[in-house]
Amino acid sequence: WHVAGITGNNPLRVDTGAINNALLVSDNGSVSINGTPNANAILDVQSTTKAFMPPRMTTTQRGAISSPTAGMVIYNSTTNKLNLYTTTWEQVTSA
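None of the values given here were measured: they were computed from a predicted structure.

Asker: Hey, could you run me through the packing of aromatic side chains in this one?
Answerer: Any aromatic ring pair is given by two values, namely how distant the centres are and how the planes are angled relative to each other. In the structure shown here, the tally under the stated rule is 1 aromatic pair. Taking the centre distance of 5.2 Å and the plane angle of 70° together, the rings of Tyr-85 and Trp-89 count as edge-to-face. Across the pair, Trp-89 and Tyr-85 agree in class, each one buried.

Structure follows, in structure tokens:
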């Protein structure tokens, strides 16, 4: 593993020695996995072979989140559906 600190405009970089396997934290606070962080994103995950996996929990565990915030996303392992919190938890379904 290699760790390089922020100097000037250079991001904090943690990698395995391969440029495609890096975690970058830019000087503006953007975080990227496997690429250069997009300046408009807080988290930029790039892959052509792997997917993003949100936190997985049951309906009961989801209900134990105190004061959920609009925009939270989880995978509900009770219903096998993606859930999004707006003003209440909603299932993401196809039309």
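Asker: What is the right way to look at unusual backbone geometry in this model?
Answerer: Glycine aside, the phi torsion of most residues is negative, and most peptide linkages are trans. Of note, the phi angle at Asn-34 is positive, near 70°, even though the residue is not glycine. Relative to the helices and strands, Asn-34 is located in the loop between strand 4 (31-33) and strand 5 (43-45). Its relative accessible area of 28% is what places Asn-34 among the partly exposed residues. In this model, Ser-67 sits at a positive phi of 50°, which is unusual for a non-glycine residue. Relative to the helices and strands, Ser-67 is located in the loop between helix 1 (59-63) and strand 7 (73-76).

Asker: Got a minute to help me understand the side chain of Ser-30 in this structure?
Answerer: With respect to the element layout, Ser-30 can be found in the loop between strand 3 (22-25) and strand 4. Since its relative accessible area comes to 3%, Ser-30 is described here as buried. For Ser-30, the side chain forms a polar contact with the main-chain oxygen of Asn-38, separated by 3.5 Å. Separated by 2.8 Å, the side chain of Ser-30 and the backbone oxygen of Ala-41 make a polar contact.

Asker: Got a minute to help me understand the side chain of Arg-62 in this structure?
Answerer: By secondary structure assignment, the location of Arg-62 is in helix 1. No salt bridge is formed by the buried Arg-62; its nearest oppositely charged neighbour, Glu-90, is found at 10 Å. Not counting the four nearest positions on each side in its chain, Arg-62 is found in contact with Met-57, Ile-74, Asn-76, Asn-83 and Trp-89.

Asker: It is not clear to me how a nonpolar patch on the surface should be interpreted in this structure. Could you clarify?
Answerer: Residues Leu-23, Ile-33, Ile-42, Leu-43 and Val-45 make up a contiguous nonpolar surface patch of about 440 Å² in total accessible area. Note on Leu-43: relative accessible area 47%, which makes it partly exposed.

Asker: How do you make sense of the sheet that holds strand 6 (residues 56-57) when you look at a structure like this?
Answerer: In a beta sheet, neighbouring strands are held together by backbone hydrogen bonds and run either parallel or antiparallel to one another. Sheet architecture is open: 4 strands sit in the order 6-7-8-9, paired in mixed fashion. Of all the strands in the sheet, just strand 6 and strand 9 (89-92) have a single pairing partner and so form its edges. The pairing of strand 8 (residues 81-85) with strand 9 spans 4 bridges and is classified as antiparallel. Across the sheet, the residue bridging to Leu-84 is Glu-90, located in strand 9.

Asker: Got a minute to help me understand the environment of Pro-37 in this structure?
Answerer: Here Pro-37 lies in the loop between strand 4 and strand 5. Measuring from C-alpha to C-alpha, the distance between Pro-37 and Leu-24 comes to 7.3 Å, with 13 residues separating the pair along the chain. Residue contacts for Pro-37: discarding those within four places in its chain leaves Leu-24, Ser-26, Ser-30, Val-31, Ser-32 and Asp-44.

Reading the values: rules and limits
- Residue numbers here run from 1 along each chain, matching the order of that chain's written sequence.
- Residues qualify for local features only when their pLDDT is at least 70, as the model is predicted, and side-chain atom pairs are given and counted only at 80 or more; totals for whole chains, interfaces and linings, by contrast, use all residues.
- Side-chain metrics rest on all non-hydrogen atoms present in the structure, leaving aside hydrogens and water.
- Classification of ring pairs uses Phe, Tyr and Trp, with its six-membered ring standing for Trp, and accepts pairs whose centres are within 6.5 Å; under 30 degrees between planes counts as stacked, over 60 as edge-to-face, and the remaining range as tilted.
- Relative accessibility under 20% of the residue-type maximum defines a buried residue, over 50% an exposed one, and the middle range a partly exposed one, all with a 1.4 Å probe and only protein chains included.
- Per the convention used, a helix needs a DSSP run of H or I reaching at least four residues, while a strand needs a run of E reaching at least two, with both numbered from the N terminus.
- Two N or O atoms count as a polar contact when they lie within 3.5 Å, although within protein this holds only if one can serve as hydrogen donor and the other as acceptor, and sequence-adjacent residues are included solely when both atoms are side-chain atoms.
- By the counting scheme adopted, Arg and Lys are positive, Glu and Asp are negative, and His together with the chain ends is not counted.
- Salt bridges are defined by distance alone: a side-chain nitrogen of Lys or Arg within 4 Å of a carboxyl oxygen of Asp or Glu.
- Any two residues having at least one pair of non-hydrogen atoms within 4.5 Å are treated as being in contact.
- A residue counts toward a patch only above 30% relative accessible area and without a salt bridge, and it is joined to like-charged neighbours within 9 Å or, for Val, Leu, Ile, Met, Phe, Trp and Tyr, to nonpolar neighbours within 5 Å.
- Calculation of accessible area relied on Shrake-Rupley with a 1.4 Å probe; when residues are assessed, cover is drawn exclusively from the protein chains displayed.
- Two strands qualify as a pair provided DSSP detects at least 2 bridges between them.

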